[in-house]
Amino acid sequence: MIEQINTISTGAVKQLVFKQIPDHIPKNDCELSHAEIIKALEDMLIKLEIPAGVQSTFILPKGGLSWGMLLQIAFKNVSKFYPFVVQPWEMNADRKHKRRERILVTDINSAIPA
């Protein structure tokens, strides 16, 4: 994963610190608006001491596709960068999650003009 990220952005990974996102992410059926969910996620990232001005790496958990984009927006609002997104899971034809043969790493910052 580190090699893939450094291929996307030379020398991007200088230091890697693991921080686990709490397991109380809003569920799909919650009554909160997207703005309210993003605000809650921003507060969580601030508590986790995600630094401003540093691009983070976010490993998307199985089943995290529904709120993953909202979390990426929260990362952008807190750190000023969208995170590198590591996607180790994909859905098969039966809509069940399975491990990817090759892990996908995406850098949205490179796709969006500054």
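All values reported here derive from a predicted model rather than from experimental measurement. (Residues numbered from 1 in each chain as written. Predicted model: local features only at pLDDT ≥ 70, side-chain atom pairs only at ≥ 80, totals over all residues. Heavy atoms only, no water.)

### Observations concerning the overall build of the protein
A count of helical and extended segments in the protein gives 3 helices and 3 strands. Walking the protein from its N terminus toward its C terminus, one meets helices and strands in the order α-α-β-α-β-β. A buried classification covers 30% of the 114 residues belonging to the protein. Put simply, 59% of the contacts in the protein that link residues at least 6 apart link residues at least 24 apart. (Helix = DSSP H or I, 4+ residues; strand = E, 2+ residues; numbered from the N terminus. Buried < 20%, exposed > 50% of the residue type's maximum accessible area, 1.4 Å probe, protein only. Contact = heavy atoms within 4.5 Å.)

### Overview of helix H2 (residues 34-47)
Taking 1.5 Å as the rise per residue, H2 with 14 residues should run 20 Å; its terminal C-alpha atoms sit 20 Å apart, in good agreement. When H2 is considered as a whole, its buried residues turn out to be Ile37, Ile38, Leu41, Glu42, Met44 and Leu45. Taken down its axis, H2 places every buried residue within 160° of arc, on the same side. Seen from the open side of H2, the exposed residues pointing more than 90 degrees away from its buried face are Ala35, Ile46 and Lys47. Glu49 sits one or two residues past H2 and shows a positive phi near 60°. (Expected span 1.5 Å × (residues − 1). Arc of directions from axis to C-beta.)

### Thoughts on the packing of aromatic side chains
To describe a pair of aromatic rings, you give the distance between the ring centres and the angle between the ring planes. One pass over the structure, following the stated rule, counts 1 aromatic pair. On the numbers, 6.1 Å between centres and 40° between planes, the contact of Phe58 with Phe75 is tilted. Of this pair, Phe58 sits in strand E1 (residues 57-59) while Phe75 sits in helix H3 (residues 65-79), and the two are 17 residues apart along the sequence. In this structure, Phe58 and Phe75 share a single accessibility class: buried. (Phe/Tyr/Trp six-rings, centres within 6.5 Å; stacked < 30°, edge-to-face > 60°.)

### What to know about the sheet that holds strand E2 (residues 84-91)
In space, the 3 strands of this open sheet follow the order E1-E2-E3, with mixed pairing throughout. One side of each edge strand has no neighbouring strand; the edge strands of this open sheet are E1 and strand E3 (97-107). Strand-to-strand, the axes of this sheet are offset by a mean angle of 20°, without reference to chain direction. Examined bridge by bridge, E1 and E2 share 3 bridges and lie parallel to one another. Paired with Phe58 across the strands is Val85, a residue of E2. (Pairing = 2+ DSSP bridges. Axes fitted to C-alpha atoms, helices over the stretch in contact; angles between N-to-C directions.)

### What to know about the nonpolar core
Of all hydrophobic cores here, the largest spans 16 residues; its most connected members are Leu41, Leu45, Phe58 and Leu71. Listed by contribution, the elements that provide at least two residues to this core are H2 and H3. (Core = buried A, V, L, I, M, F, W, Y, C linked by side-chain atoms within 4.5 Å.)

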